[in-house]
Amino acid sequence: MPEYNIKELQGRLLEILVAFDKVCREHDLRYCICGGTLLGAVRHGGFIPWDDDLDCSMPRPDYERFIQHCKEWLPEHLEFVCAENDPAYPLPFGKIQDNRTTLIERRHLYYLGGCYIDIFPFDGHSSNGLKRRLRCMRYDRLKQLLYLVHRDPFRHGHGPSSWIPLAVRKLHTMNGLQQSIRRVMLEEDYDKCEFASSMTDSYKKVLPKAVIGNFKPYVFEGHEVMGIADYDTYLTCMYGPTYMTPPPPEDRFQHNFDYLDLEHSYRDYHE
């Protein structure tokens, strides 16, 4: 795996976050840092030192509005990519990427773009726990099928390990699965629900909207950004009650991207 300067990458991600925050403030869009990014803000005042990604979320109505206007609102060097505006995009949530850079996470999950921050929609959930669980199970199944359609079927060779992804490709298309996933995500009206979550986080991470839908300012690497106000309830749900204790070195995850170039655009990349 190639080596890279994590501080330099974090600096680029911070630039994207600051630009996104500016757009949201100017156009009255709700958003928050979430996941490990919020944990970093609470525990470290910024990035978790070994973390090389950055996560944000938006309530579904704001996410949809951002999709509609991202090209006119974002600076020229930033692009919001998602299934709704790119038929080759392989994920059920969006990313803001820097088109002056190049990043390939994994060759077997090939998608050519720039370094990015993730933008997850917060979707509403029914107050019925069983209904929530069944919906999340349907989402997880479709997401797994999407992975198998996108994944290189010969990642582990041309033997039996390739049969399932090849069979899934005969039954499903990327576009068809993305449309099915979107229908599941939009089943509940966010504004009318008492519960919400990022569907990617599974049914165990569903929280009352009074928790997950209320935001306040945090200082992140010297910049004021928005985050979930009740961070303790949220982070306990995500990481357990000992979230303020850093994990041992052997459990500190880093991506080790397959290819990263912070000086040249992915548009100029050649194999």
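Conventions used here
Residues numbered from 1 in each chain as written. Predicted model: local features only at pLDDT ≥ 70, side-chain atom pairs only at ≥ 80, totals over all residues. Heavy atoms only, no water. Core = buried A, V, L, I, M, F, W, Y, C linked by side-chain atoms within 4.5 Å. Buried < 20%, exposed > 50% of the residue type's maximum accessible area, 1.4 Å probe, protein only. Helix = DSSP H or I, 4+ residues; strand = E, 2+ residues; numbered from the N terminus. Contact = heavy atoms within 4.5 Å. Disulfide = S-S within 2.5 Å. Polar contact = N/O pair within 3.5 Å; in protein donor to acceptor, adjacent residues only side chain to side chain. 1 Å grid on protein atoms, 1.4 Å probe; cavity = no way out; pocket = protein on both sides within 12 Å on 5 of 7 lines; lining within 4 Å. Points joined across faces, edges and corners; volume = space filled by probe spheres on them. Nonpolar A, V, L, I, M, F, W, Y, C, P; charged D, E, K, R; others polar.

Residues F20, F66, F80 and I96 are the most contacted members of the largest nonpolar core, which totals 59 residues. If you tally residues by element for this core, the top one is helix α1 (residues 6-26), at nine residues. In this structure, F80 is in contact with Y63, F66, I67, C70, L74, N85, G94, K95, I96 and I119, ignoring residues within four places of it in sequence. Formed by 13 residues, the second largest nonpolar core is a distinct cluster that contains L148, V149, V184 and M185.

In total, this model carries zero disulfides according to the counting rule given. The thiol sulfur of C82 is not disulfide-bonded, and the nearest other cysteine sulfur, from C70, lies at 6.6 Å. For the unlinked cysteine C237, the closest cysteine sulfur is that of C136, found at 12 Å. According to the relative accessible area criterion, C237 is partly exposed, its value standing at 22%.

Our next topic: the side chain of S162. For S162, the position within the fold is in the loop between α4 (129-150) and α5 (163-171). Classification of S162 by relative accessible area gives buried; the value is 1%. At a separation of 2.8 Å, a polar atom in the side chain of S162 contacts the main-chain carbonyl oxygen of G159. In contact with S162, other than residues within four places in its own chain, are P153, F154 and G157.

To continue, consider the layout of surface pockets. Put simply, the largest pocket is a space of about 1200 Å³. Along the walls of the largest pocket sit 47 residues, with D53, D55, D118, F253 and H255 positioned nearest its centre. Mapped onto the lining of the largest pocket, the elements with two or more residues apiece are α2 (35-44), β2 (55-59), β4 (94-98), β6 (116-125), α4 and α8 (231-239). By residue number, the principal contributor to the lining of the largest pocket is α2, which donates five residues. Here the lining of the largest pocket is composed, by residue class, of 23 nonpolar, 13 polar and eleven charged.

A few words on unusual backbone geometry. Trans is the prevailing form of peptide bonds, just as negative phi is the prevailing case for residues other than glycine. Positive phi, normally seen in glycine, also occurs at S202, with a value near 80°. Tracing the backbone through its elements, the reader meets S202 in the loop between β7 (195-197) and β8 (207-208). Of note in the backbone geometry, E221 takes a positive phi value of approximately 50° without being a glycine. Within the secondary structure layout, E221 lies in the loop between β9 (215-220) and β10 (223-228).

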